[in-house]
Amino acid sequence: MLFNYKYGGTSSVSSNASSTGMSFAPDALREPTYFVGQLNKKIAFREAISALNAVVVSDMRFKPKDKTAYLEWAAQQEEIWLAQYLGELVGDINNINARVDEIRSEIKDIDREQSRVMGDFYRSRRDYFNYLYQKDKDAWFVLDPVITTHPDSIFFECFSQDESSYGKLSCNYNVFKNISDFECGTTNIDYSEALYNEFQKVRNYKETELKVDPSGFEIQTGEEDLYKEVKIDLPDSWVRGFLQVSSAMTLPGVTFDLHPMDIHSLCLYLRRFKEVRGPRSLRFMLEPDKPIRVIVEPWNYELKFARSIYKGPEAREIRMWGRRRLMILERLIPITKKFVVTMLGSGLPSFFEADLGDMTFTLGLSGWTANDWSRAGNFDLLAPRTQVDSVTQATIFNTLKEKWAEDLPSLATRLGMEQNVVAGALGAYTQAGRVIYDRYNGLYRVRELSRDPLDMKVLRFASPQEEKANKLVDSNNVTVNVEDLGDGKVKLTGTVKERYRTHYPVMVIDGDDRIVEATCDCNHYNMNKLCKGPCEHMLALRIAYNKSIGRTI
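**Digging into the sheet that holds strand S20 (residues 405-406)**
Phase 1 of the analysis: Across the sheet, 3 strands lie side by side as S20-S22-S21; this open sheet has antiparallel pairing. Taken across any chain shown, the strands that pair with only one partner, and hence form the sheet edges, are S20 and strand S21 (435-438).
Phase 2 of the analysis: In this structure, S20 lies alongside strand S22 (residues 443-446), joined through 2 bridges in antiparallel fashion. Paired with Glu406 across the two strands is Tyr444, which belongs to S22.

Right under this line is the structure:
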C-alpha cells in the first residue's frame, strides 16, 4: 500500500542555555494540522515520550543465531577429519598428519587474504547501515509516528517493529502553557533519532517549545525544493495492525488497577530471572475484594500485590504471554499514579494505561509476541457489525467531527438515533482508520490514519473466515435460533451446513452487538478458541441473525 508524505523541511532542534525549541515537520499533503506551545510538565513529558520511543524500537521476535561462519568452518574441517580417520585406518598417520598441517596452514592463509580483500567492503557496509540508522529512520521504521490535535488534547501513536505492541501518548492542554496556535486534525510527522536524543536533554530549568510547524503549509509553490517528498510502500500488515488495535479497544474486558510499584516488582523479577523453557506466561489470579496475585511461570513464583484490590464481580484467571514487553513501562513508574489494566481474555490482547495526571500512556499488547496485531487477530470481526448505509454513516461522522470527540450516548442523543446504529457506524469508521476509541475516557475520537481512504477490501475483509461466512449465508446453508437472556443479551444457536459436514455454533451477543461468548465444533475453534477471532460458522450465524431481524438502515 503506497503512502505519499511531503514534509516542509525536516524536524529540527534549537537549543541554548535557557531554552530549547523542538519543531516537528508535518505532512504537507494533508489538511493543515499544527500546534505551537511550551511544555509545562517537562520531566513527565520527557519520560512519557521516551517510553513511546521504546515502543517504536521494540522487536522481540525470535532471532536465530547466525551459524554461517560455523557451517563454513565445519565444511572445511570435514575433509580434514575424514583424512585423519582414513590415515589412522591405513597406518600412515605421520604422512597424513603432515598433510593435515599443510592444509590447515593453507586455509589460514586463505582466510587472511579474504579478510584483507573484503575488509574494506565489510567496514563500508557497517558504516552505511549505521549512517542509515541515525540519519534516515524511514529506511528502518517504515511508518512515521501519527500525531493528532484535538480541542482538548494532543496525542501521539506508534507501532513496534515486530507489530505486536502499540503505543499511544495522550496529553491534555495542562501539559503545555502559552499555547499560541493549533489546528485540529491528524498528520504524520518526521521524527528522527536526533530529535529523540534531544528529548533526553529536557530539564525543568529550561523552557521547551514544542511545535508541529504550521509554516510548512505556507511555503509558496515556487519554493517546491524546500519540501522533502517521501513515497513509502507500507506493508498492509502495518496498516491492518493499527485498525485491529482500534477495534480491540472497543471490546469488553476485565479491568483492574495496579499500583506502580506492582509493575516495578513484576519487571524486576523478569529482569532477575531468564526462563530457558516454557511455559512463559503470567497468570493473573483475580478474586473479588482480594489482592491481585500474579504467578510467574515456569517457576510458579507468586507475586502478591497488597496495594491492588480486584473489584470485579467474579473470580477470574487470565494468562498473558509476551510478558517482557511490559518492560516498556519501566520508565513511567516514577511518574505514574496508577496503571489501569484491561485484559480481553487468556491469549487475547491486553491494554496497560498509565495514569500520568494530565497525560495517559497506553500500551496495547497482542496475545503474544508472535501473534502480532496484523496477521493473527481478527478483532474487527468481534466488534458490532450493524449495517448502516453510507449516507447515515457520513452524517454520524460529520456530527462527531463537529466536536472531534464525544461519548456514544451523547452523540446518539444529538443525532436522535438509536445507540446501536451509531455504534455500528462508528465501528465501521474505526475499522476504516478514521475514528479511534479512547478507552480511558470512554470517547470516540476522529483520527484519520491516512489522507486517502484505505482500501477496505484489502484491510478489513482480508480474513478468509468472513469471506467464507458470507458465501455460506448467500447459499442458504444457515439456520438460526434466538434466545433472549435479558439485559440486552441474546443467545444464538443454529446449524451451518458445509459440503461434507454440519456445524453447530453457539454465541452470545450483548446489548452493544458485540460477541462476548462463542463456541463451535469446527477445527478452527478447537485449535484457536477465539484467539484468532471467530470462525466462519459463528460469523455466518451472526450474519443470518442480522438479516432475520432486518438490521439494515
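Next comes the rest of the account.
**What about the packing of helix H7 (residues 390-403) against helix H8 (residues 408-415)?**
Phase 1 of the analysis: It is at 11 Å that the axes of H7 and H8 come closest, and there the two elements cross at 115°. The pairing of H7 with H8 is recorded here as roughly perpendicular in orientation. You can see that H7 and H8 cross each other, and the crossing is right-handed. When H7 is examined against H8, the residues Thr395, Ile396, Thr399, Leu400, Glu402 and Lys403 are found in contact with a partner set consisting of Leu411, Arg414 and Leu415.
Phase 2 of the analysis: Across the contact of H7 with H8, the residue classes tally to 4 nonpolar, 2 polar and 3 charged.

**Topic: the pattern of salt bridges**
Phase 1 of the analysis: According to the stated counting rule, one finds 25 salt bridges in the structure shown.
Phase 2 of the analysis: When the shortest N-O distance is used, the salt bridge between Arg445 and Asp152 registers 3.1 Å. Here Asp152 lies in the loop between strand S5 (146-149) and strand S6 (153-159) and Arg445 lies in strand S22, a separation of 293 residues in the sequence.
Phase 3 of the analysis: With a shortest N-O distance of 3.0 Å, Arg293 and Glu287 are connected by a salt bridge.
Phase 4 of the analysis: Classification of Arg293 by relative accessible area gives buried; the value is 19%.
Phase 5 of the analysis: In this structure Glu287 comes out as partly exposed when scored by relative accessible area, which is 28%.
Phase 6 of the analysis: When salt bridges with common partners are traced through the structure, they connect Glu275, Arg280, Arg323 and Arg324 into a single cluster.

**Focus: the packing of helix H11 (residues 464-474) against helix H13 (residues 536-548)**
Phase 1 of the analysis: It is the contact of H11 with H13, at a shortest axis distance of 8 Å, that shows an interaxial angle of 50°. Taken together, the axes of H11 and H13 lie oblique to each other. Crossing of H11 over H13 shows right-handed handedness. Residues Gln465, Glu466, Lys468, Ala469, Asn470, Leu472, Val473 and Asp474 of H11 pack against Glu536, His537, Leu539, Ala540, Ile543, Ala544 and Lys547 of H13.
Phase 2 of the analysis: The residue makeup of the contact of H11 with H13, split by class, is 7 nonpolar, 3 polar and 5 charged.

**Examining the pairing of S5**
Phase 1 of the analysis: In S5, alternate side chains face the same way, and those of Val146 and Thr148 on one face and Ile147 and Thr149 on the other are all buried.
Phase 2 of the analysis: Alignment of S5 against S6, held across 4 bridges, turns out to be antiparallel. Residue Ile147 lies in a different strand from S6, and its bridge partner there is Phe156.
Phase 3 of the analysis: Hairpin geometry of S5 and S6 is characterised by an intervening segment of 3 residues between the two adjacent antiparallel strands.

**Structural notes on the pairing of strand S14 (residues 291-296)**
Phase 1 of the analysis: The buried fraction of S14 is high, at 5 of 6 residues.
Phase 2 of the analysis: In this sheet, S14 lies alongside strand S13 (residues 282-286) in antiparallel orientation, the contact comprising 4 bridges. Each residue of the ladder has a partner; that of Arg283, found in S14, is Ile295.
Phase 3 of the analysis: Linkage of S13 to S14, two consecutive antiparallel strands, is achieved through a turn of 4 residues, within which Asp289 is found at a positive phi near 60°.
Phase 4 of the analysis: Here 6 bridges tie S14 to strand S15 (residues 301-309), and the two strands are oriented antiparallel to one another. In the strand pairing of S15, Val296 is matched with Tyr301.

**Section: the sheet that holds S13**
Phase 1 of the analysis: Strand order in this open sheet of 4 strands is S15-S14-S13-S16, and the pairing throughout is antiparallel. The two strands at the open ends of the sheet, each matched to only one other strand, are S15 and strand S16 (316-320). Sheet twist, expressed as the mean angle between neighbouring strand axes with direction ignored, is 20°.
Phase 2 of the analysis: Judged from the 5 bridges that link them, S13 and S16 form a sheet pairing that is antiparallel. In the sheet register, Met285 faces S16, and the bridge partner there is Glu317.
Phase 3 of the analysis: Of the strands in this sheet, S13, S14 and S15 are in contact with helix H6 (residues 260-272), which crosses S15 at around 165°.

**Points about the packing of aromatic side chains**
Phase 1 of the analysis: The tally for this structure, following the rule as stated, stands at 11 aromatic pairs.
Phase 2 of the analysis: Summarising the aromatic geometry, the rings of Phe35 and Phe176 are spaced 4.8 Å apart at their centres and angled 65° between planes, so their arrangement reads as edge-to-face. Placement of Phe35 in strand S4 (residues 34-39) and of Phe176 in strand S8 (residues 176-183) is noted, with a sequence separation of 141 residues between them. Here the two residues Phe35 and Phe176 agree in accessibility, since each one is buried.
Phase 3 of the analysis: Sitting over the ring of Phe155, Lys168 keeps its end group 5.0 Å from the ring centre.

**Details of a nonpolar patch on the surface**
Phase 1 of the analysis: Taken together, the side chains of Tyr70, Leu71, Trp73 and Trp81 define a hydrophobic patch exposed on the protein surface, amounting to about 480 Å² of accessible area.
Phase 2 of the analysis: Relative to the assigned elements, Trp81 resides in helix H2 (residues 68-90).
Phase 3 of the analysis: When its relative accessible area of 43% is taken as the criterion, Trp81 is described as partly exposed.

Rules and cut-offs
- Residues numbered from 1 in each chain as written.
- Predicted model: local features only at pLDDT ≥ 70, side-chain atom pairs only at ≥ 80, totals over all residues.
- Heavy atoms only, no water.
- Pairing = 2+ DSSP bridges.
- Helix = DSSP H or I, 4+ residues; strand = E, 2+ residues; numbered from the N terminus.
- Axes fitted to C-alpha atoms, helices over the stretch in contact; angles between N-to-C directions.
- Parallel < 35°, antiparallel > 145°, perpendicular 65-115°, else oblique.
- Left-handed = near helix turned anticlockwise from the far one by under 90°.
- Contact = heavy atoms within 4.5 Å.
- Nonpolar A, V, L, I, M, F, W, Y, C, P; charged D, E, K, R; others polar.
- Salt bridge = Lys/Arg side-chain N within 4 Å of Asp/Glu carboxyl O.
- Buried < 20%, exposed > 50% of the residue type's maximum accessible area, 1.4 Å probe, protein only.
- Phe/Tyr/Trp six-rings, centres within 6.5 Å; stacked < 30°, edge-to-face > 60°.
- Lys NZ or Arg CZ within 6 Å of the ring centre and 35° of its normal.
- Patch = residues over 30% accessible without salt bridge, like charges linked within 9 Å, V, L, I, M, F, W, Y side chains within 5 Å.
- Areas by Shrake-Rupley, 256 points an atom, 1.4 Å probe, with all protein chains shown as cover.

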